[in-house]
Amino acid sequence: MTIMRLILIAILSSTLVVSSYAQSGGKVSGQVNETEKATAATITLLKAKDSAAIKFSVAGKDGSFVFDKLSFGNYLVSVTAVGYQPVYSNKFEINAQNQVVQLPAFSLVAVSKSLTGVTVTAKRPLIEQKIDRTIVNVDASVTNVGTNALEVLEKSPGITVDKEGNISLKGKEGVMVMIDGRPTQLGGADLANFLRNMTSNQMDQIEIMTNPPARYDAAGNAGIINIKTKKNKAAGYNGTLTLGYTQGKYPKTNESFNFNYRQGKINFYTNLSHYYNKSFSTLTIQRNLKKGNTTELENYFDQRADMKREGNSYNAKTGLDYFLNKKTTLGFAINGFTNPSISDNKNQTNISTPAKDLESITLATVGSDVRWKSFSTNMYFRTVLDTTGKELSSDFDYMTYDSRNNQLMINSFFDADHNSINKSDTLMGNLPQNIKIYSGRIDYLHPLKKGAKFEAGIKSSIVRTDNNAVYDSIEYGSIRHDFNRSNHFIYEENINAAYINLSGSISKKINAQLGLRLENTNAKGNQLTTGEKFDRQYTQLFPTAYFQYKVNEKNNFGLNYGRRVRRPNYQSLNPFIRFIDRYTYSQGNPDLKPQLSDNIELSHTYKNILTTTINYSATNDIIQMVLEQKGREAYAKQANIASLRQYGIALSANTPVNKWWTSNAYVNVFNNHFKGIVNNIPISFEATAFSFNSSQQFKVSKAFTAELNAFYRSGGVEGVLRTKGRGMVAAGFSQQMFKNKGTFRFTVRDIFYTQRMNARANYGNVDAAFQEVGDSRTVNLGFTYRFSKGKITPFRKKNTGSAGEEQNRVGVD
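The structure presented is a predicted model; accordingly, all values stated were derived computationally and were not measured.

A. Main features of the overall build of the chain. Helix and strand counts for the chain come out as five helices and 47 strands. Counting only contacts in the chain whose residues sit at least 6 apart along the sequence, the fraction spanning at least 24 positions is 67%. Accessible area of the chain: about 34,300 Å², with a carbon and sulfur share of 58%.

B. Up close: the sheet that holds strand β8 (residues 101-102). As summarised here, the arrangement of the three strands in space is β4-β1-β8, forming an open sheet in which the pairing is mixed. A single partner strand is all that each edge strand has here, and the edge strands are β4 (64-67) and β8. In the sheet, strand β1 (residues 28-31) pairs with β4 via four bridges, with the strands oriented antiparallel. Within β4, the residue paired with Ser29 across the bridge is Val66.

C. A look at the sheet that holds strand β11 (residues 159-161). The antiparallel open sheet is built from three strands, whose spatial order is β11-β12-β13. Strands at the two margins of the open sheet, each flanked by one partner only, are β11 and β13 (172-173). In this sheet, strand β12 (residues 167-169) lies alongside β11 in antiparallel orientation, the contact comprising three bridges. From the neighbouring strand, Ile159 faces β12, where its bridge partner is Leu169.

D. Representation of a nonpolar patch on the surface within the structure. A contiguous nonpolar patch, built from Ile506, Leu514, Phe547, Leu559, Ile600, Leu602, Ile614, Tyr616, Tyr647 and Ile649 and spanning about 920 Å² of accessible area, is present on the exposed surface. Of all the secondary-structure elements, those providing two or more residues to the nonpolar patch are β35 (595-606), β36 (610-630) and β37 (633-658). Since its relative accessible area comes to 45%, Leu514 is described here as partly exposed.

E. A look at the side chain of Arg441. Assignment of secondary structure puts Arg441 in strand β26 (residues 433-447). A residue is classified by how much of its surface remains accessible, and Arg441, at 3% relative accessible area, is buried. For Arg441, the side chain forms a polar contact with the side chain of Asp443, separated by 2.8 Å.

F. Spotlight on the layout of surface pockets. Counted as a void, the second largest pocket has a volume near 310 Å³. Looking at the second largest pocket, it is lined by 20 residues, and the ones nearest its centre are Gln527, Glu532, Pro575, Gln587 and Pro590. Broken down by class, the residue content of the lining of the second largest pocket amounts to five nonpolar, nine polar and six charged.

G. Here's a closer look at the packing of aromatic side chains. According to the stated counting rule, one finds 22 aromatic pairs in the structure shown. Measuring from ring centre to ring centre gives 6.3 Å for Phe257 and Phe259, while their planes differ by 10°; the resulting arrangement is stacked. On the basis of relative accessibility, which here comes to 29%, the residue Phe257 falls in the partly exposed class. Look at Phe690 and Tyr712: their rings are 5.8 Å apart centre to centre, the planes differ by 45°, and that puts the pair in the tilted class.

H. Representation of the nonpolar core within the structure. Formed by 43 residues in total, the largest nonpolar core has its most connected members in Ile167, Leu195, Ile206 and Ile227. In contact with Ile227, not counting residues within four places along its chain, are Leu153, Val177, Met178, Ile179, Asp180, Leu195, Met198, Met203 and Gln205. By size, the runner-up hydrophobic cluster in this structure holds 25 residues, among which are Ala636, Ile683, Ala687 and Val717.

I. Here's a closer look at the pattern of salt bridges. Applying the stated criterion to the full structure yields 21 salt bridges. Note that Glu553 is salt-bridged to Lys550, the shortest N-O span being 3.2 Å. The buried category is assigned to Lys550, whose relative accessible area is 13%. The network of salt bridges with common partners includes Asp217, Lys459, Arg517, Glu519 and Arg567.

J. Layout of the pairing of strand β43 (residues 726-737). Looking at chain direction, strand β40 (residues 704-713) and β43 are connected through 10 bridges and run antiparallel. When the bridges of β43 are listed, Phe704 appears paired with Gln735. Pairing of β43 with strand β44 (residues 742-749), which is carried by seven bridges, proceeds in the antiparallel orientation. By the bridge assignment, Met737 is partnered in β44 with Gly742. Between β43 and β44, which pair antiparallel and follow one another directly, the connecting turn spans four residues, one of which, Phe738, has a positive phi of 55°.

K. Structural context of unusual backbone geometry. Even without a glycine there, the phi angle at Lys356 is positive, about 70°. Relative to the helices and strands, Lys356 is located in the loop between β22 (328-352) and β23 (358-384). Looking at Lys356, the relative accessible area reads 54%, which means it is exposed. Positive phi outside glycine occurs at Asp750, with the angle close to 50°. Within the secondary structure, Asp750 sits in the loop between β44 and β45 (757-763). Overall, Asp750 belongs to the buried group, its relative accessible area being 0%.

What counts, and where the lines are drawn
All chains use their own residue numbering, which begins from 1 and follows the written sequence. Reporting in this predicted model follows two pLDDT cut-offs: at least 70 for local features of residues, and 80 or more for side-chain atom pairs to be given and counted; totals over whole chains, interfaces and linings ignore these cut-offs and use all residues. Each side-chain value is worked out from all heavy atoms of the structure, with water and hydrogens disregarded. Only DSSP runs of H or I with at least four residues qualify as helices, and only runs of E with at least two residues qualify as strands; both kinds are numbered from the N terminus onward. Residues count as neighbours in contact if any of their non-hydrogen atoms are within 4.5 Å of one another. Working definition of accessibility: Shrake-Rupley area with a 1.4 Å probe, residue cover restricted to the visible protein chains. Only strands that DSSP links by at least two bridges are regarded as paired with each other. Patches were defined on residues exceeding 30% relative accessible area and lacking a salt bridge, with like-charge contacts within 9 Å and nonpolar side-chain contacts (Val, Leu, Ile, Met, Phe, Trp, Tyr) within 5 Å. Each salt bridge in this description consists of a side-chain nitrogen of Lys or Arg and a carboxyl oxygen of Asp or Glu lying within 4 Å of one another. Three labels apply to residues, based on accessible area from a 1.4 Å probe with only protein chains included: buried if under 20% of the type maximum, exposed if over 50%, partly exposed otherwise in between. Here a polar contact is taken to be a pair of N or O atoms separated by no more than 3.5 Å, where protein atoms must pair a possible hydrogen donor with a possible acceptor and residues adjacent in sequence count only if both atoms sit in side chains. Lining residues are defined by having an atom within 4 Å of a point belonging to a cavity or pocket. Those points lie on a 1 Å grid over the protein atoms alone, cavities being sets where a 1.4 Å probe fits but cannot get out and pockets being open sets with protein on both sides within 12 Å along at least five of seven lines. Grid points are joined across faces, edges and corners, and a volume is the space filled by probe spheres set on the points. Any residue outside Ala, Val, Leu, Ile, Met, Phe, Trp, Tyr, Cys, Pro, Asp, Glu, Lys and Arg is labelled polar, Gly included; the first ten of those are nonpolar and the last four are charged. By convention, a stacked pair of Phe, Tyr or Trp rings (six-membered ring in the case of Trp) has centres within 6.5 Å and planes under 30 degrees apart, an edge-to-face pair has planes over 60 apart, and any other such pair is tilted. Throughout this description, the term nonpolar core refers to a set of buried Ala, Val, Leu, Ile, Met, Phe, Trp, Tyr and Cys residues connected via side-chain atoms within 4.5 Å.

Given below as structure tokens:
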């Protein structure tokens, strides 16, 4: 009852805020800040293709403006006033699915003698709602300063990150994470490690898609999260330099440099960054060890692991776009990173009788020396075939990931009086991993009458992973090879895909988009150590459908359906054993099968401010982390354990309360029901949970803004785990300086130190409770300096890569 009251309060609060705000009608509308400047401003609607002026207008007394009765096409809006720099919007498209556009507010900056050092942009809102996605503008939140990508995702609408770094969207696991439209091809601990070493100052936007269109890969049971990195768009040269310092229990620093140069037919860009991170986490586990499959208690385990990690991440990206002529663009991009780190785990396990009388103590020291390296390159080509807008584009990608993980675990055994009772043992592990990815795609766009579009494309990808885990034990001073834990595993995968997509208007009020994607998968696994192999081939169809009904200028209804697949990530297929201590391990599972889900959503949008979504999904052969008890040892691994049925409702409100206060709120209530078999034991877990995100932004003055941010996840069911609620509150401010060339940010995260994990698993012979706390309460300082010489120019669009999907396009991305 308490949870439902909180939900009702949140919904009523958001509704009251929405009712206090009125939005101007029209096809394209916007606002110029500072009304004394706005009344003297000229607003011009431009064609995106050649910047030709289509319509002119002037801002009203309150700074607002509207253009209506526009035909389908791509446009820009410019704002000019005597004595001020001209400001240009990002390019936007009006089509059957997006007939009403609300532009971000424009701010005018006084003219200096030259453009050197002037950066003119329209401030973007924190949250943007599109027909098929939610967009989070990372820099719009002050509290994102000094954070990493995983922390930014954690407080984004509908996203949950668990203690292992696994990402869920609207209560469902199996999210595909992309960087600039390209799949990372990582999962589990590898993906979490990658995102922890990407800083927020590298990120521009986060696109959240629960039901992506057919041109996107069908992978991602819960949808797609696309992280778009920064790239400047101005002609001439321009760039930014960012410095950051974070202090929790341990220090963290980050530095980045972004540079862009465009002249004539050439656009060159580069991004460089470094991140130093030292952190800790404390994990405690209480296990009731049962005799066989009975309920009789044999021992009680009380484990504590104090883990420290220290590492550096170095990232570099560079690229070149060449405008061959007005219709054709080609280019390339190169990206690489290296991430050396070390970790140290001090662990103590107290083993007691059922009456909790201490019997023995095991002390363990676990050290890891990890080296991650990655290199990727993309080449693209795009051409407009004729004056009707027919378009042909292609992308080719190559990516490689290479890691080295050397582990050392030393165990010492004592009785209850701390007397040594057994010889210490030592386990050494060398776990190299290599992933190579080749991918190519070709896409065709054919405009039809009345703004309709036909799209089609083909794609092929080849992936090869090589994992050779070598374990050795030291017993009585001699090294012995551990054949039980060592394993050499090679995995090869080829996916071939084709899609068609048709979108357009059925009537004046109804728009539709229908798509169909076919994917053929060929996967081979070979355990060279044991001789075990598998060879799987399957072909699947993935339909998508979107319908939008515009009741009037204030109300829109939407209905969409999509089928998705979640293939096992490479780490989950890899049968390597990773150890936390002498009694706790994680292990891969080469027998994993892909899971399939059908998802349907019904949504209502009011004034582009309040969006309500009802969703239902059914998933079979769900991939979930499970625990297995083997004697005194506990193994965690992924398995196809069950089916999942989920239904939920989400409410998103993005509301300017007044000129100085903007409110963003998101509430999601959902019910998860897992039903299946784990360790030959039937299970059925069901729970209703909710999540809440809120960001309150305050414009104190023209140069000073403040923000209060919070999120909360209630207790619920995550596979075989029942979790308790957790959340966080953060606050910060931002100060412009040096004539708007510089920005200083100050943030405090997890003010009340409430971001703590608490979960329990209880089924079959497994009975364990887990608690974890980390270095989440931090103080962050950040400074960004911007420089430029040139002018803002509209750009052409390009694809983002064959290994991923199309970005929101604003010129050369």
